[in-house]
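As a plain string of letters, each chain reads:
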Amino acid sequence: MTDKGPDGHAEEPIWRRDFPITSAGEEAITRRDFTRFLVAGSGAFATGTVGVAIWSAVRSINEGEPRAIVALDSLAIGDDFLFAYPGERDSAILVRLAEDDLRAYSQQCTHLGCVVFWEADEGDEGELVCPCHEGHFDIRSGDPTAGPPDRPLGRIEVEVRGDGMVWALGRTK
Ligand code: FES
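Residues numbered from 1 in each chain as written. Predicted model: local features only at pLDDT ≥ 70, side-chain atom pairs only at ≥ 80, totals over all residues. Heavy atoms only, no water.

Let us now look at the state of the cysteines. Evaluation of the coordinates by the stated rule reveals one disulfide. Put simply, C114 and C132 are joined by a disulfide, and their sulfur atoms are 1.9 Å apart. Judged by the sign of its S-S torsion, about -95°, the cystine formed by C114 and C132 is left-handed. Of this pair, C114 sits in the loop between β4 (101–106) and β5 (117–119) while C132 sits in the loop between β6 (127–130) and β7 (135–138), and the two are 18 residues apart along the sequence. Assessed through its relative accessible area of 39%, C132 is described here as partly exposed. (Disulfide = S-S within 2.5 Å. Helix = DSSP H or I, 4+ residues; strand = E, 2+ residues; numbered from the N terminus. Buried < 20%, exposed > 50% of the residue type's maximum accessible area, 1.4 Å probe, protein only.)

In structure tokens, the structure reads:
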């Protein structure tokens, strides 16, 4: 029961003076805090998304400096040529598919790192094959086509320059 004050109106209980926040006020504070939390959370999420995008872009930037690999004339159509790129220990393979169609990849299988090799096919175009677990890769894209690998081979951009040499321009991961 609430006591009456000297003016005859109900007097506020003592606990109300000690804890002046009303339930409506409490709710307003909660909403404000929640809004702040949402804004901060959205900002953090946006920052994280941008960070991941930048990291992905940096990861896919070419590795390696432009370097001459082999004279185009010395590579017959359908033949492959092994070389090292971008480092001396990074084995790579170049395949000449047609007169002016060259493809080059890292030889490191994306499953467990065995060495892939070129398997020319008389009737078909041929493919890159990993002997360890029968992994197969498309020669035009480097994408896995069979076996356990689920990522494409590292692709090496190449071009034929005026000196008649095939040049490696860089490798994407
Ligand atoms: Fe190439 Fe397993 S290491 S398929």
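Moving on to the sheet that holds β5. Here we have four strands laid out as an open sheet, ordered β5-β6-β7-β8, and antiparallel in their pairing. The open sheet has two edge strands with one neighbour each: β5 and β8 (144–146). Averaged over all neighbouring strand pairs, the angle between strand axes comes to 40°, with direction disregarded. (Pairing = 2+ DSSP bridges. Axes fitted to C-alpha atoms, helices over the stretch in contact; angles between N-to-C directions.)

Right, let's talk about the confidence of the model for the protein for a bit. Averaged over every residue, the pLDDT of the protein is 84; the share at 70 or more is 76%. Confidence, expressed as mean pLDDT per element, reaches its minimum in the protein at helix α2 (residues 23–60) with 65 and its maximum at β7 with 98. (pLDDT = per-residue confidence, 0-100.)

Read from one edge to the other, the open sheet built from six strands follows the order β1-β10-β9-β4-β3-β2, with strand pairing classed as antiparallel. In this open sheet, the two edge strands, each paired with only one partner strand, are β1 (67–71) and β2 (80–84). Averaged over all neighbouring strand pairs, the angle between strand axes comes to 30°, with direction disregarded. Pairing of β1 with strand β10 (residues 165–172), which is carried by four bridges, proceeds in the antiparallel orientation. What sits directly across from R67, in β10, is A168.

To continue, consider a negative patch on the surface. Taken together, the side chains of E119, D121, E122, D124 and E134 make up a negatively charged region of the molecular surface. Structurally, the position occupied by D121 is in the loop between β5 and β6. For D121, a relative accessible area of 41% puts it in the partly exposed group. (Patch = residues over 30% accessible without salt bridge, like charges linked within 9 Å, V, L, I, M, F, W, Y side chains within 5 Å. Areas by Shrake-Rupley, 256 points an atom, 1.4 Å probe, with all protein chains shown as cover. Salt bridge = Lys/Arg side-chain N within 4 Å of Asp/Glu carboxyl O. Lys, Arg positive; Asp, Glu negative; His and termini not counted. Charge placed at Lys NZ, Arg CZ, Asp CG, Glu CD.)

On to the nonpolar core. Generally speaking, nonpolar side chains in soluble globular proteins are found buried as a group. Counting residues in hydrophobic clusters, the biggest one holds 14 residues, and the most contacted among them are I69, F83, L94, L102, I156, V158 and V166. Listing elements by their share of this core, those giving two or more residues are β1, β3 (91–98), β4, β9 (155–160) and β10. The next biggest cluster of nonpolar side chains, apart from the first, holds twelve residues, and it includes I93, F137, I139 and L153. (Core = buried A, V, L, I, M, F, W, Y, C linked by side-chain atoms within 4.5 Å.)

So, about the side chain of T110. Structurally, T110 is set in the loop between β4 and β5. From its side chain, T110 meets the backbone oxygen of R151 in a polar contact 2.6 Å long. Apart from residues lying up to four places away in sequence, T110 is in contact with F137, P149, R151, P152 and L153. (Polar contact = N/O pair within 3.5 Å; in protein donor to acceptor, adjacent residues only side chain to side chain. Contact = heavy atoms within 4.5 Å.)

Attention shifts here to the packing of aromatic side chains. Using the criterion set out here, one finds zero aromatic pairs in the structure. Lying over the aromatic face of W167, R161 brings its terminal NZ or CZ to 4.3 Å of the ring centre. (Phe/Tyr/Trp six-rings, centres within 6.5 Å; stacked < 30°, edge-to-face > 60°. Lys NZ or Arg CZ within 6 Å of the ring centre and 35° of its normal.)

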